[in-house]
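Read off the chains here:
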Amino acid sequence: MINFGFIEFGFKDFLDILLVTFILYYSYRVMKESRSINVFVGILVFVVLWLLVSQVFEMRLLGSILDKVVSVGVIGFIVLFQSEIRRFLYSLGARQRMSPLLQFFKMKKSKKVDRKHIMPIVTACMNMAKEKVGALIIVERSLPLGDLVHAAGEIIDAEINQRLIENIFYKGAPLHDGAMIIADKRIKAAGCVLPVSHSQNIPKELGLRHRAGMGISEESDAIAIIVSEETGRVSVAINGEFHLRLSFEDLESILSKEMG
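Now for a quick tour of the structure. The structure presented is a predicted model; accordingly, all values stated were derived computationally and were not measured.

The secondary structure content of the protein chain amounts to 10 helices and nine strands. Looking at the 260 residues of the protein chain, the share that counts as buried comes to 39%. The long-range share in the protein chain, meaning contacts at least 24 apart out of those at least 6 apart in sequence, stands at 60%.

In total, this model carries five salt bridges according to the counting rule given. Between Lys188 and Asp157 there is a salt bridge, and its shortest N-O distance comes to 3.8 Å. Taken together, the residues Lys188 in strand β6 (residues 186-192) and Asp157 in strand β4 (residues 154-159) connect sequence positions 31 residues apart. Look at Lys188 and you get partly exposed, because its relative accessible area is 24%.

Below, the discussion takes up the packing of helix α6 (residues 115-130) against helix α10 (residues 248-259). Running from N to C, α6 and α10 cross one another at 145°; their axes reach a closest spacing of 10 Å. As for how α6 packs across α10, the hand of that crossing is right-handed. Counting all contacts with α6, which are made through Arg115, Ile118, Met119, Ile121, Val122, Thr123, Cys125 and Met126, the residues of α10 involved are Phe248, Leu251, Glu252, Leu255, Ser256 and Met259. Across the contact of α6 with α10, the residue classes break down as 10 nonpolar, two polar and two charged.

Attention now goes to the sheet that holds β4. Pairing in this open sheet of seven strands is mixed, and the strands run β4-β6-β5-β3-β7-β8-β9 from one edge to the other. Edge positions in the sheet fall to β4 and β9 (241-243), since each has one partner strand and no second. Direction aside, the axes of adjacent strands within the sheet are offset by 20° on average. Where strand β3 (residues 135-139) meets strand β5 (residues 179-183), three bridges bridge the pair, whose relative direction is parallel.

Burial analysis of strand β7 (residues 223-227) places five of its five residues in the buried class, which makes it a mostly covered element. As paired strands, β3 and β7 are joined by five bridges and run antiparallel to one another. Residue pairing for β7: Ile137 is matched across the bridge by Ile225. One ladder, built from five bridges, connects β7 with strand β8 (residues 234-238); its direction is antiparallel. Along β8, the bridge assignment pairs Ala224 with Ala237. Hairpin connection from β7 to β8: six residues lie between these consecutive antiparallel strands, with Gly232 at a positive phi of about 75°.

By the criterion of burial, β6 is predominantly enclosed, with five of the seven residues buried. In terms of strand pairing, β4 meets β6 through four bridges, oriented antiparallel. From the neighbouring strand, Ile155 faces β6, where its bridge partner is Ala189. Linking β5 back to β6 in an antiparallel pair, the connection comprises two residues, with Asp184 at a positive phi of about 55°.

Parameters at a glance
Residues numbered from 1 in each chain as written. Predicted model: local features only at pLDDT ≥ 70, side-chain atom pairs only at ≥ 80, totals over all residues. Heavy atoms only, no water. Helix = DSSP H or I, 4+ residues; strand = E, 2+ residues; numbered from the N terminus. Buried < 20%, exposed > 50% of the residue type's maximum accessible area, 1.4 Å probe, protein only. Contact = heavy atoms within 4.5 Å. Salt bridge = Lys/Arg side-chain N within 4 Å of Asp/Glu carboxyl O. Axes fitted to C-alpha atoms, helices over the stretch in contact; angles between N-to-C directions. Left-handed = near helix turned anticlockwise from the far one by under 90°. Nonpolar A, V, L, I, M, F, W, Y, C, P; charged D, E, K, R; others polar. Pairing = 2+ DSSP bridges.

If you want it as structure tokens, here you go:
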């Protein structure tokens, strides 16, 4: 412990400052990506003002009013930034390094995915790419996507089949605009509505399907396969990152690795 006159500075104080700095930096980065940086700055200014009034100047009346505002404001903050908070919590515990722990709590072993479950997806995506048929296929991994299936999607619960995938996304088909959810080696649903990413790092030439694919990859560990209707190119979004302009072999390699 170091003594600076009336102030004692120890390891706990250093750790305290380090953690607060990390939280502020991460909050700043998340708010910047979601275009809420002005709100973040406003909240930071209010917190500093509250600490000055309550702790430094000890203004009882104004301090008590700000205390009430803060207690209510926490609820408003959670409601306003629920997607950002969910993304933060996910990033703490749902990355690849935590997969063994997730599998332990789910009380089951990871099942190796056979090529017969991968090749229909790859072949269907490449056929749709040649015809410039837009598609968005989401492959569930550790985190369940049941809320997306039951919220707006149409339940299918069929085996993974190349022709079925192509028919669902065929231009003019009732479910071609939504996303297909694949889970437990089955096509669970189609026509699902996904959260859209507001990240400023997404190239402008990528459309709404890519933003939806990026959105679900940011909020879960799912694999998002996107076929562009404009260019016919195949892309994959995993853990908030794009893999663009994929060939048949590239897509097969990624799915074999990530689905296994």
